[in-house]
Amino acid sequence: MALSVFHDVSIPRLSLCVDVAEYRPGVLKVLQQVRPAWKESSINFKVFDGGLTNFLVGASCDEDMVLVRIYGSNTEKIINRESEISNLVKLNKCLGTPPVYAHFSNGLCYGFAKGRQLELHELYDLSMARRIAREMAKMHTIEISAEDIKHPLLYSVFFSGWIDEIPENLQSKEKSTRMKKLIGSRDQLRKECQELCSHLDELNSPVAFCHNDLMSKNMIYLEEKDSVTFIDLEYGGPNFRGFDLGDFFCEFAGIDNVNYSLYPNKDFQLKWLRMYLEETAILKGDDPNISVDDIAVENLYVEANKFALACHMMWGVWALIQACYSVLEFDYVEYAELRIKEYHTRKNAFLSLQKLTRSSL
């Protein structure tokens, strides 16, 4: 066993690989290091369904549980695993999220957030909305370096390296045909993304530490604390604030049975965004009654919805890469079609939104 250092925290590095098909022997070897007092006969395993990137197993003994994440096939093409662990360590330190216990060649072991995943319909609940807005504001006010601010993930990874990873062809001719009909060529897709970025640059959205994957399944309600925490930071890192906001609203449509008629209307978004700005102001020591006004809320609405276009495009690109490499049972090509078609459906309306100024009132 060796040690890796992430932000001055030593994380054990185990020299082993866990086989997804026969995960128990490998997970037991991990537990021997992170929970040596556990007796094998007393350990219970639970496979968590619903993930589209990794294979997740919970191991429990008495009242204690740890999670073992086994990385999906070829996900290193889209996820920087060293950054992921750094993110988990940083959030444990700043927000009290579960700690990382160890990592190994194709996964990691970390703590379990004792709560429940939010249901999709709860995103519309205004009392839950306040808790989500508060947690997002906390995450966005975590200090990041000047160097990180220069390299938001949307530009440095999602719209650059990821596009390069889109395969020329998929496993079946039928899926390859659908992919080419959807995006044309990688050069055409890259040009579309560049044009979108020119619109986003005008917004001057601040770069913050962002989650970048804010679906309801990545939000845990902690009943004892009456708060919400975010999990699964594999896509997290420095990015535009507007991306997290837009991504959050896009996720109201769900992922198992995607329905974009559930995209929140303007009235709900304005209420939610006001909460977010109020929570941000409080964290910064400002008076929200003074710093949060109708213009600020309206302008954040414009920012969030324009970045929602970037979210559709980014997750469409992600799905096309996953369609080539993932072994999980999910129609990634269909999901790419849903996201990129929704981008084109909303494009003109969202890009026509304009920020307000004092003189425009």
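For the structure, see preceding data.
Reading guide: rules and limits
- Residues numbered from 1 in each chain as written.
- Predicted model: local features only at pLDDT ≥ 70, side-chain atom pairs only at ≥ 80, totals over all residues.
- Heavy atoms only, no water.
- Phe/Tyr/Trp six-rings, centres within 6.5 Å; stacked < 30°, edge-to-face > 60°.
- Helix = DSSP H or I, 4+ residues; strand = E, 2+ residues; numbered from the N terminus.
- Buried < 20%, exposed > 50% of the residue type's maximum accessible area, 1.4 Å probe, protein only.
- Lys NZ or Arg CZ within 6 Å of the ring centre and 35° of its normal.
- Pairing = 2+ DSSP bridges.
- Contact = heavy atoms within 4.5 Å.
- Axes fitted to C-alpha atoms, helices over the stretch in contact; angles between N-to-C directions.

Asker: What's the story with the packing of aromatic side chains in this structure? I'm lost.
Answerer: The tally for this structure, following the rule as stated, stands at 23 aromatic pairs. Ring geometry for Phe248 versus Trp272: centroids 4.8 Å apart, planes at 35°, classification tilted. Separated by 24 residues along the polypeptide, Phe248 in helix H9 (residues 241-250) and Trp272 in helix H10 (residues 266-283) bring together distant segments of the chain. Trp272 shares its class with Phe248; the two are buried. Seen in terms of ring centroids, Trp315 and Trp318 are 5.2 Å apart; in terms of plane orientation they differ by 80°. Their pairing is edge-to-face. Highlighted residues: Trp315 and Trp318, both in helix H12 (residues 294-325), separated by three residues, approximately one helical turn. There is no split in this pair, since Trp315 and Trp318 are both buried. The structure contains a cluster of three or more aromatic residues connected by ring pairs, namely Phe158, Trp162, Tyr235, Phe243, Trp315, Trp318, Phe330, Tyr332 and Tyr335. Above the ring of Tyr101, the side-chain terminus of Arg35 is found at 4.5 Å from the ring centroid.

Asker: Explanation requested: the sheet that holds strand E8 (residues 116-117) in the structure shown.
Answerer: Strand pairing within a sheet occurs via backbone hydrogen bonds; the two strands may be parallel or antiparallel. In spatial order, the strands read E8-E10-E11; together these three strands make up an open sheet with antiparallel pairing. Two strands in the sheet have a free side with no partner beyond their single neighbour: E8 and strand E11 (227-230). Sheet topology places strand E10 (residues 219-222) next to E11; four bridges connect them, and they run antiparallel. Each residue of the ladder has a partner; that of Leu222, found in E11, is Ser227. Running at roughly 45° to E11, helix H3 (residues 126-140) makes contact with E8, E10 and E11 of the sheet.

Asker: So what exactly am I meant to see when it comes to the pairing of strand E5 (residues 64-70) here?
Answerer: Looking along a regular strand, one sees the side chains alternate between the two faces of the sheet. In terms of burial, E5 is largely enclosed, as six of its seven residues are buried. Here strand E4 (residues 55-61) runs beside E5; their pairing, made up of seven bridges, is antiparallel. Each bridged residue has a counterpart across the sheet, and for Cys61 the counterpart in E5 is Asp64. Where E4 folds back onto E5 in an antiparallel hairpin, the turn is made up of two residues, including Asp62, whose phi is positive at roughly 60°. Bridge count for E5 against strand E7 (residues 107-111) is five bridges, and the pairing is antiparallel.

Honestly, that's just the spatial picture; any functional story needs more than this.
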